[in-house]
Amino acid sequence: MKHSDTIHITVIVDNSALPGFASEHGFSLWIEARGVKILFDAGLGSAFSRNRERLGIDLSETDWLVLSHGHYDHTGNIAPALEAAPKAKVCLHPGAFTDRWSIRGGVAKPTMMPEASRRALEALPEGRMVYAEGPVELAPGVHLTGPVPRRNAFEDPGGPFYLDTEGKRPDPIEDDLSLWIETKEGISVIAGCCHSGILNTIQHIFTLTPERRVASVMGGLHLSKASDDRIVNTAEGLRRLDVGRVVTSHCTGEGATERFRELLACPIEASRAGMQLTLP
Ligand SMILES: [Fe+2]
Ligand SMILES: [Fe+2]
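The notes below deal with the structure included here.

Calculation notes
The residue numbers shown here count from 1 along each chain, following its written sequence. Chains carry letters from A onward and ligands carry numbers from 1 onward, assigned in written order. Reporting in this predicted model follows two pLDDT cut-offs: at least 70 for local features of residues, and 80 or more for side-chain atom pairs to be given and counted; totals over whole chains, interfaces and linings ignore these cut-offs and use all residues. To obtain the side-chain values, all non-hydrogen atoms of the structure were used and water was disregarded. Metal-coordinating donors are taken as N, O and S atoms lying within 2.8 Å of the metal, or within 3.2 Å when the metal is Na, K or Ca; because water is left out, some sites can appear incomplete. Any site counts as irregular unless it has four donors with all angles between 85 and 135 degrees, making it tetrahedral, or four or six donors with opposite ones more than 155 degrees apart and the rest between 65 and 115, making it square planar or octahedral. Secondary structure counts use DSSP, requiring at least four H or I residues in a row for a helix and at least two E residues in a row for a strand, with both numbered from the N terminus. Relative accessibility decides the category of a residue: with a 1.4 Å probe and only protein chains considered, values under 20% of the type maximum give buried, values over 50% give exposed, and everything between is partly exposed. By arc we mean the arc of the directions from the helix axis to the C-beta atoms, nothing more. We call two residues in contact when some of their heavy atoms are within 4.5 Å. Whenever a nitrogen or oxygen atom comes within 3.5 Å of another N or O atom, the pair is scored as a polar contact, on the condition that within protein one atom can donate a hydrogen and the other can accept it, and that pairs from neighbouring residues in sequence are kept only if both atoms are in side chains. The pairing criterion is simple: DSSP has to find at least two bridges between the two strands. Axis angles are defined between N-to-C directions and span 0 to 180 degrees, where every axis is a line fitted to C-alpha atoms and, for a helix, only to the segment in contact. Between rings of Phe, Tyr and Trp, where Trp is taken as its six-membered ring, a pair exists when centres lie within 6.5 Å; planes separated by under 30 degrees are stacked, by over 60 edge-to-face, and by other angles tilted. In our convention, an over-ring charge means Lys NZ or Arg CZ found within 6 Å of a ring centre and within 35 degrees of that ring's normal. Any pair of cysteine sulfurs within 2.5 Å is marked as a disulfide.

1. A closer look at the coordination of the iron ion (ligand 2)
For the iron ion (ligand 2), every protein donor is listed as H69 (NE2), H71 (ND1), C193 (SG) and H195 (NE2), and the spread of their distances is 2.1 to 2.7 Å. Here the iron ion (ligand 2) is ringed by four donor atoms whose angles at the metal span 92 to 170 degrees, and the overall shape comes out irregular. Sequence positions of the donors to the iron ion (ligand 2) reduce to the motif H-x1-H-x121-C-x1-H. Between the two metal centres, the iron ion (ligand 2) and the iron ion (ligand 1), the spacing is 3.5 Å, with C193 acting as a shared donor. One end of the pair, H69, is in the loop between β4 (64-66) and α2 (72-75); the other, H195, is in the loop between β13 (186-191) and α5 (198-206), with 126 residues separating them in the sequence. For the pair H69 and H195, one class covers both residues: buried.

2. Comments concerning the environment of A79
Along the chain, A79 falls in helix α3 (residues 78-84). Take A79: its relative accessible area is 24%, and that puts it in the partly exposed class. Remark: the alpha-carbon pair of A79 and E211, spanning 132 residues in sequence, is separated by 37 Å.

3. A short note on the coordination of the iron ion (ligand 1)
The protein atoms that coordinate the iron ion (ligand 1) are D73 (OD), H74 (NE2), C193 (SG) and H250 (NE2), at distances spanning 2.1 to 2.3 Å. Because the angles between the four donor atoms bound to the iron ion (ligand 1) fall within 84 to 160 degrees, the donor set is best described as irregular. Expressed as a motif, the donor residue spacing for the iron ion (ligand 1) is D-H-x118-C-x56-H.

4. A look at helix α7 (residues 254-263)
Residues spaced three or four apart along an α-helix face the same direction, because each turn holds 3.6 residues. Here α7 has its buried residues at A256, T257 and F260. Along the axis of α7, the buried positions cluster into a sector of 100 degrees, meaning they face one direction only. Of the exposed residues in α7, those oriented more than 90 degrees away from the buried face are E254 and E262.

5. What to know about the environment of D164
One can find D164 in the loop between β11 (161-162) and β12 (178-183). A relative accessible area of 11% means that D164 is categorised as buried. For the pair D164 and S102, spaced 62 residues apart in sequence, the C-alpha separation works out to 9.0 Å. Those residues in contact with D164 that sit more than four places away from it in its chain are W101, I103 and R169. Engagement of the side chain of D164 in a polar contact is seen with the backbone nitrogen of E166, the distance being 3.1 Å.

6. Quick look at the sheet that holds strand β10 (residues 142-144)
Read from one edge to the other, the open sheet built from seven strands follows the order β9-β10-β12-β13-β14-β15-β16, with strand pairing classed as mixed. The open sheet has two edge strands with one neighbour each: β9 (136-139) and β16 (268-270). If you compare each strand with its neighbour and ignore which way they point, the axes differ by 20 degrees on average. With three bridges joining them, β9 and β10 adopt antiparallel strand pairing. Within the sheet, the bridge partner assigned to A139 lies in β10 and is V142. Against the sheet, α7 touches β15 (246-249) and β16, its axis set at about 165 degrees to β16.

7. Some words on the packing of aromatic side chains
Two numbers describe a pair of aromatic rings. These are the distance of the centres and the angle of the planes. This structure, assessed with the given rule, holds zero aromatic pairs. Cation over ring: R54 sits above F21, and NZ or CZ is 4.9 Å from the ring centre. The aromatic ring of F206 is capped on one face by R212, whose charged end is 4.3 Å from the ring centroid.

8. Describing the environment of V136
As for its placement among the helices and strands, V136 is situated in strand β9. Residues V136 and C194 lie 58 residues apart in sequence; the distance between their C-alpha atoms is 17 Å. Setting aside residues no more than four positions away along its own chain, V136 makes contact with C91, V130, V142, H143 and L144.

9. Thoughts on the state of the cysteines
Inspection of the entire model under this criterion finds zero disulfides. Free cysteine: C266, not disulfide-bonded; nearest cysteine sulfur from C194 at 16 Å.

And the structure:
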């Protein structure tokens, strides 16, 4: 653990926004860490370009486009992002291309990556695609988890997700990945939707590093429709890990954020599009 420089994160797309910024149900972060510039997810719709322009983020500097998973609300602007980022490599799990649906009240809604995004990825030369079928180091001390084993029974994928329109084949969202960065204060974890579960994700990271201090957890934790039991179990797990700071985004939900504030002693913040923050 020799890296000490600060991580700068700008929230481009989130479910809520600072005044003057657009919000939408999607997620996208601009991360500057250890000398690399990472576009972490590509939002859903027009909030991405509106907010990015206002923030003055120059996508031509992108080293990596990382996709936390293939859901539409994280992959909406891949085509314009890649067009603006000629040197960016893309890192994703091959399962991100999976056709998938969420089914509520018998109605199947497609949740897969939009066609234009898929085509933009397929058009890239092979040398610019990195498939995270296991852990990947993007820069010194900056890693992607690769697929996360699901050890805690209570951490299910977080919704009625299926690989078919009849609801016969549950979608484990095996392509769900998180970023983790070694810092002088421990590990900083950055999740997209965290369909793997944040505790499963941290337990998996612990198999990849001897570090046991968790400086911060940030991102979508997919608890907006979770039972209170699950939220309490998650908070209890984070408390036991002595997590230093939690920044809740996207699909974490206001209810879970409030419960974390009640149950955890560490600082809990809700992120908003337009926010710029630093992690240790
Ligand atoms: Fe999401
Ligand atoms: Fe998702």
